[in-house]
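# What the coordinates show
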Amino acid sequence: MASSYMGFQVSCSVQERPSIPDNNAHLKTVLSSVVKPVFGALMQKVEMLDIRIEHVSKSMKNTSIKMLDAFVDSVFEIVDQPLSPTQKNFAPVDELGAPVVITSIEGNIPDNFPEGVYVRNGPNPLFGGLKSTRSVFGKSNHIWIEGEGMLHALNFISKLDIHDSKNWCVSYNNRHVETETFKLEKLRNRLSFLPTIGGDSSAVLCAYLLNLLRFGKVNKYISNTNVFMHSGKLYSIAENHMPQEIDISTLETLGNWDLSPVWNRPFTSHPKRASGTGELVIIGIDPIRPYVEIGVISADGHKLVHRADLKLGRCPLLHDFGITQRYNLIMDFPLTIDIMRLVRGGPLIKYNKEAYARIGVMPRYGDADSISWFEVEPNCTWHIINCFEDGDEVIVWGCRASDSVIDSPSTQNLDGSARNANSYYDRPYEWRLNMRTGQVNERSLTADTEFSMDCPAINENFIGLKNNFGYTQVVDPKSNISSGDVPKYFGLAKLHFDELDIACSSINGDSEEVMKIEYHMFDKNTFCTGATFVPAKGALEEDDGWIITFVHKEDTNISQVLVIDAKKFSSEPVAKITLPYRVPYGFHGTFVPRSI
């Protein structure tokens, strides 16, 4: 999901790995130039004091921060953002401190289920929940996706009994991702970073400036969106910072994955491991040029083997991208980040359905000049399902919406909820890009009567290769109205890409051939997050395995983990694991086999 994108570090194009300039100094210069027209008097005082945090003595720095803290305390009123009755499971929970053994399992965990850890990321804000501010500059607020990251993990360990049958020991643990800014605020024991993503543009700009002057960062590092493995290591990630390495056994944060000076910007939340080479392909975006850069990290995780500036003319909000065996797929769609738009009083993040949309096909180690661009219909695609090559064509499957999948902060209420009840509608979609002719064929893979779907998963052994199956979370059509701009997922779908079904269009009543879909719907008022595919031990077929997901029953306030047979997708879960504690809704998850 989106995060507070002004937090991106500023970087320079590095084709031959030059030394990295002072990023904070660069960003201070940029912010000063855009903030002066709005906060002239305040900036004049700052310039008179000549507060240059990185150059002053420690005592002077502490004095300056205390003065700025006093200014913030006197000018800004911190307000709790209330949750509606339908949003109770967005509230944070406390850390457990140690794993807890699960005693309630309905059904049986299969013998060929792999030992390992299912871990899911999500927001879990400190200090009782999200906050907003009121001041002479206006209002600013957090939205739910900005809460500090917390990992929720289920550990599966098996042992044989006297009958050579498996007994499973399952334990649950949770823990915050302890980024630099998390530690700073925890040490101060108070909200320190002013909210920066929602609210009045003048208040947001002022929050950026004050955060920068006090802490050297315009916002905090949330690390709450995804978890991924590379070279035997687990990482937590969000768009506004480098990934953090996590100890899979304790969930302890081991520190930033530091690739500087060769890579000095964040990763997008969905890096891709290339089939065959084992390399990790990454993309990093920045609201200041160069807007988008792509990198390739070696299979052992120690070296950046390629980096290129894509030389885009705008900053698209790239939450995801695709790869095939030979190519990188860049989605240059018109959901963009624009600092000057914010300064002019508009939203930092905005979708413009009148602007151009295109998909770039770039050789794995290519540069901006090697990209083949394909113009497509304007859309907002938040997540890619998979991409692969088929003869002269590159096929891209994604969850596509014809409008924005997130509301810009200017269209939100102070609590982050949308001011209107319009919900977005993602559908599995296909683009076929012909590398020989330059033509594009695009189509929806589902009927217009199907549910909205997002947060796709596949058998990760097929990333970049032709796959037959995909899995998505199904959006409850009522959830966008009841919980603002945060969708809830009341079921799962299995997509059969190579099987057709007949559906009747609700628009004209005509029958049409569409992709076959199976559904696994939950009980009333039960919603899931973090669904992922777990291959069976020794699996020979792509869908030989399970979908595993956290769910929460809102009527009883009980959280569970469900294990669903992917081959008997519509059947009851093979196991329902009831957790001793509530697990808030979150984002993406992964399963880490113990053999890694």
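Residues numbered from 1 in each chain as written. Predicted model: local features only at pLDDT ≥ 70, side-chain atom pairs only at ≥ 80, totals over all residues. Heavy atoms only, no water.

Going by what an unreviewed UniProt entry lists, the chain is known as Carotenoid oxygenase and is assigned to Trema orientale.

## Some remarks on the UniProt feature "binding site: Fe cation" (unreviewed entry) in the chain
In this numbering, the UniProt entry assigns the feature "binding site: Fe cation" (unreviewed entry) to His270, His319, His383 and His588. A maximum C-alpha distance of 12.5 Å is found for the annotated residues, which run over 319 residues; spatially they form one tight group. The annotated residues that sit in the lining of the second largest cavity are His319. Mapped onto the elements, His319 comes out in the loop between strand 18 (315-316) and strand 19 (322-323). Of the polar contacts made by the side chain of His319, one reaches the side chain of Glu239; its length is 2.7 Å. Tracing the sequence through the fold places His383 in strand 25 (residues 380-390). His383 sits in the buried class, given a relative accessible area of 1%. Non-local contacts of His383, meaning those with residues more than four positions away in its chain, are made with His270, His319, Asp320, Gly398, Cys399, Asp454, Cys455, Pro456 and His588. A distance of 3.2 Å separates the side chain of His383 from the side chain of His319, its partner in a polar contact. (UniProt positions renumbered as here; feature names shortened; annotations may be inferred. 1 Å grid on protein atoms, 1.4 Å probe; cavity = no way out; pocket = protein on both sides within 12 Å on 5 of 7 lines; lining within 4 Å. Helix = DSSP H or I, 4+ residues; strand = E, 2+ residues; numbered from the N terminus. Polar contact = N/O pair within 3.5 Å; in protein donor to acceptor, adjacent residues only side chain to side chain. Buried < 20%, exposed > 50% of the residue type's maximum accessible area, 1.4 Å probe, protein only. Contact = heavy atoms within 4.5 Å.)

## Considerations on helix 5 (residues 201-215)
Across its 15 residues, helix 5 extends 21 Å between first and last C-alpha, which sits within 8% of the 21 Å expected from 1.5 Å per residue. Of all 15 residues that make up helix 5, 14 are buried, and the element is covered over most of its length. Gly216 occupies a position one or two residues after helix 5 and carries a positive phi of about 75°. (Expected span 1.5 Å × (residues − 1).)

## Thoughts on the packing of aromatic side chains
Under the defined criterion, the tally for this structure stands at 24 aromatic pairs. Geometrically, the ring pair formed by Tyr235 and Trp257 is stacked, given 4.3 Å between the ring centres and 15° between the ring planes. Taken together, the positions of Tyr235 in strand 11 (residues 233-237) and Trp257 in the loop between strand 13 (253-256) and strand 14 (272-273) put the pair 22 residues apart, joining distant regions of the chain. In this arrangement the basic side chain of Lys488 is found over the ring face of Phe527, its NZ or CZ atom lying 5.0 Å from the centre. (Phe/Tyr/Trp six-rings, centres within 6.5 Å; stacked < 30°, edge-to-face > 60°. Lys NZ or Arg CZ within 6 Å of the ring centre and 35° of its normal.)

## Here's the deal with the pairing of strand 10 (residues 226-230)
Along any regular strand the residues' side chains alternate between the sheet's two faces. Most of strand 10 sits inside the fold, with 5 of its 5 residues counted as buried. Alternating positions in strand 10 separate into two faces, Asn226, Phe228 and His230 on one and Val227 and Met229 on the other, with burial throughout. Taken together, the 5 bridges between strand 10 and strand 11 define a ladder with antiparallel strand orientation. Bridging across to strand 11, Asn226 finds its partner in Ile237. Taking the residues between adjacent antiparallel strands as the criterion, strand 10 and strand 11 are bridged by 2 residues, where Ser231 takes a positive phi near 55°. (Pairing = 2+ DSSP bridges.)

## With respect to the sheet that holds strand 21 (residues 335-337)
Think of a sheet as strands paired side by side through backbone hydrogen bonds, with each pair either parallel or antiparallel. Taking strand neighbours across the sheet as the criterion, the 3 strands line up as 18-21-22 in an open arrangement whose pairing is antiparallel. Taken across any chain shown, the strands that pair with only one partner, and hence form the sheet edges, are strand 18 and strand 22 (349-351). Two elements, strand 21 and strand 22, share 3 bridges in a ladder whose sense is antiparallel. Looking at strand 22, one finds that Ile337 is bridged to Ile349.

## Considering the environment of Tyr581
Its place among the elements puts Tyr581 in the loop between strand 36 (575-578) and strand 37 (589-593). Along the backbone, Tyr581 and Val93 are 488 residues apart, and their C-alpha atoms lie at a distance of 8.8 Å.

## Some points on the layout of surface pockets
To find the voids left in a structure, one rolls a probe of water-molecule size over its atoms. Approximately 960 Å³ is the volume attributed to the largest pocket. Around the largest pocket, the lining is made up of 45 residues, and of these Ile458, Glu460, Ile463, Thr532 and Thr590 lie nearest the centre. Residue assignment for the lining of the largest pocket shows that the elements contributing at least two residues are strand 10, strand 14, strand 19, strand 25, strand 29 (453-457), strand 33 (526-535) and strand 37. Per-element accounting of the lining of the largest pocket gives the leading share, 6 residues, to strand 33. Among the residues making up the lining of the largest pocket, the classes are represented as 23 nonpolar, 18 polar and 4 charged. (Points joined across faces, edges and corners; volume = space filled by probe spheres on them. Nonpolar A, V, L, I, M, F, W, Y, C, P; charged D, E, K, R; others polar.)

## Quick notes on the sheet that holds strand 13
Reading across from one edge, 10-11-12-13 is the order of the 4 strands in this open sheet, with antiparallel pairing throughout. Each edge of the open sheet is held by one strand with a lone partner, namely strand 10 and strand 13. Strand-to-strand twist across the sheet, computed as the mean angle between neighbouring axes with direction ignored, equals 35°. (Axes fitted to C-alpha atoms, helices over the stretch in contact; angles between N-to-C directions.)

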